[in-house]
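Chain by chain, the residues run as shown.
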Amino acid sequence: MAGSVRSVAVFCGSRMGNSPLYRTVAEQAGQILAKNGVKLVYGGGSNGLMGVVADSTLKAGGTVTGIIPHFLHSRENMHEGVTDLIVVDSMHERKQIMFDTADAYWILPGGFGTFDETMEILTWKQLQRHAKPILLVNADGWGDALIAMLDASVKQGFAESTARAKIEVVPDVEAAFARSISETRQYAISVEQF
Ligand SMILES: Nc1ncnc2c1ncn2[C@@H]1O[C@H](COP(=O)(O)O)[C@@H](O)[C@H]1O
């Protein structure tokens, strides 16, 4: 287990996207979590990159908790092979459990659902509902437009640069892992000193 990071919530696409590098980064995410004894928490489906990251974690000997609303059972092809599967009633419940049970959040390539989850976890941090690391893994530049939008918001005077700093862009999962450990450690030290 990696210090105080025992579980990571990964938000990513329920589709594969157009670049083969998206699959690669999802596979690498599962491998690095499993190798370090860190549990994957994710949306519980088998489709797209969500399925890839779950399968990759399991194949590498890791543990996976999937959280899926019952109405998405068929649409997202609920993953029957995960270590723990939690079936919930609503999207809100799913998100709440994902947020509560993870020590860090990784954003991998994805679409609208991934954007929603990213903005919610970021704004919760802005509102000081949590202080956990948020790492956007910008594989093949998939997140460039999203990053530009966050930066534009600061330039336009709609967000503080301190809020923008609450999500960190990293090039790969190795960096996401390293930053998750060091940010969590820094936070623990600052709480101890308080
Ligand atoms: N509004 C939403 N809130 C939370 N999660 C959502 C929402 N819309 C879709 N999702 C889930 O996000 C993942 C990834 O979706 P992509 O659109 O493929 O990025 C998926 O499990 C959706 O159910």
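What this report covers is the structure whose coordinates are included nearby. Keep in mind the model is a prediction, meaning the values are calculated, not measured.

This part is about the site of the ligand. For the ligand, the set of nearby residues contains 16 residues, the closest of which are Ser-14, Glu-76, Gly-111, Thr-114 and Asp-116. A distance of 2.5 Å is found between an oxygen atom of the ligand and a side-chain nitrogen or oxygen belonging to Glu-76. At 2.8 Å from an oxygen atom of the ligand is found a main-chain nitrogen or oxygen belonging to Gly-111. Protein burial of the ligand: of its 490 Å² of free accessible surface, 78% is covered by the chains. Elements with a minimum of two residues in the shell around the ligand: α3 (91-101) and α4 (112-126). Sort the elements by how many residues they give to the shell around the ligand and α4 lands first, with five residues.

Now for the nonpolar core. Of all hydrophobic cores here, the largest spans 50 residues; its most connected members are Val-8, Val-10, Leu-40, Tyr-105, Trp-106 and Leu-108. Setting aside chain neighbours within four positions, we find Leu-40 in contact with Val-8, Val-10, Leu-33, Val-53, Ala-54, Thr-57, Thr-63, Val-64 and Thr-65.

Moving on to the environment of Asp-84. Relative to the assigned elements, Asp-84 resides in strand β4 (residues 84-88). Here the alpha-carbon distance between Asp-84 and Leu-150, two residues 66 residues apart in the chain, equals 35 Å.

Positive phi, close to 60°, is recorded for Gln-128, a residue that is not glycine. Notably, Asp-140 is not glycine yet its phi reads approximately 55°, a positive angle. Tracing the sequence through the fold places Asp-140 in the loop between β6 (134-137) and α5 (144-155). Residue class for Asp-140 comes out partly exposed when judged on its relative accessible area of 46%.

It is worth spelling out helix α1 (residues 20-35) at this point. Residues that lie three or four places apart on an α-helix share one face, since the helix turns once every 3.6 residues. Its 16 residues give α1 an end-to-end C-alpha distance of 23 Å, which sits within 8% of 22 Å, the value for a rise of 1.5 Å per residue. Within α1, the full set of buried residues consists of Tyr-22, Val-25, Ala-26, Ala-29, Gly-30, Ile-32, Leu-33 and Ala-34. Structurally, the start of α1 carries an N-cap: the backbone nitrogen of Leu-21 is 3.1 Å from a side-chain oxygen of Ser-19. Once α1 ends, the next one or two residues include Gly-37, with phi positive near 65°.

Attention shifts here to the environment of Asp-172. Within the element layout of this structure, Asp-172 appears in the loop between β7 (168-170) and α7 (173-193). On the basis of relative accessible area, Asp-172 is assigned to the partly exposed category, the value being 28%. Spatially, the C-alpha atoms of Asp-172 and Leu-135 are 9.7 Å apart, while their sequence positions differ by 37 residues.

Before going further, it helps to spend a moment on the packing of aromatic side chains. Here the structure, examined in full by the defined rule, presents five aromatic pairs. Between Phe-11 and Phe-99 the ring centres are 5.9 Å apart and the planes differ by 85°, which places this aromatic pair in the edge-to-face class. Placement of Phe-11 in strand β1 (residues 7-11) and of Phe-99 in helix α3 is noted, with a sequence separation of 88 residues between them. For Phe-11, a relative accessible area of 1% puts it in the buried group. On the basis of an interplanar angle of 35° and a centroid distance of 6.3 Å, the ring pair of Phe-112 and Phe-115 is categorised as tilted. In this pair, Phe-112 and Phe-115 are both assigned in helix α4, three residues apart and thus about one turn of the helix distant. Of the residues examined, Phe-112 reaches a relative accessible area of 74% and is grouped as exposed. Taken together, the ring pairs connect Phe-11, Phe-99, Tyr-105 and Trp-124 into an aromatic cluster.

Turning our eyes to something else, we now look at the pattern of salt bridges. This structure, assessed with the given rule, holds eight salt bridges. Notably, a salt bridge pairs Arg-6 with Asp-103, separated by 3.6 Å at the nearest N-O pair. Linking Arg-6 in the segment before β1 with Asp-103 in the loop between α3 and β5 (104-107), this pair joins segments that are 97 residues apart in sequence. Overall, the relative accessible area of 16% leaves Asp-103 in the buried class. Among the ionic contacts, a cluster of salt bridges with common partners joins Lys-95, Asp-116 and Glu-120.

Calculation rules
In this convention, every chain numbers its residues from 1, walking through the sequence in written order. Reporting in this predicted model follows two pLDDT cut-offs: at least 70 for local features of residues, and 80 or more for side-chain atom pairs to be given and counted; totals over whole chains, interfaces and linings ignore these cut-offs and use all residues. Remark: hydrogens and water are excluded; side-chain values derive from all non-hydrogen atoms of the structure. Nearness is defined per residue: one heavy atom within 4 Å of the molecule or strand is enough. Counting of polar contacts relies on pairs of N or O atoms within 3.5 Å, with two restrictions inside protein: one atom must be capable of donating a hydrogen and the other of accepting it, and residues adjacent in sequence are counted only when both atoms are side-chain atoms. Here the Shrake-Rupley method, with its probe set to 1.4 Å, supplies the accessible areas, and only the displayed protein chains count as covering residues. Segments assigned H or I by DSSP are reported as helices when at least four residues long, segments assigned E as strands when at least two residues long, and all are numbered from the N terminus. Only buried residues count toward a nonpolar core. Its members are Ala, Val, Leu, Ile, Met, Phe, Trp, Tyr and Cys residues joined through side-chain atoms within 4.5 Å. Relative accessibility under 20% of the residue-type maximum defines a buried residue, over 50% an exposed one, and the middle range a partly exposed one, all with a 1.4 Å probe and only protein chains included. Contacts between residues were defined by any pair of non-hydrogen atoms, one from each residue, lying within 4.5 Å. To estimate how far a helix should reach, multiply one less than its number of residues by 1.5 Å. Aromatic rings from Phe, Tyr and Trp, with only the six-membered ring used for Trp, were paired whenever their centres fell within 6.5 Å, and each pair was classed as stacked if the ring planes differed by under 30 degrees, edge-to-face if by over 60, and tilted otherwise. When a carboxyl oxygen of Asp or Glu is within 4 Å of a side-chain nitrogen of Lys or Arg, the pair counts as a salt bridge.

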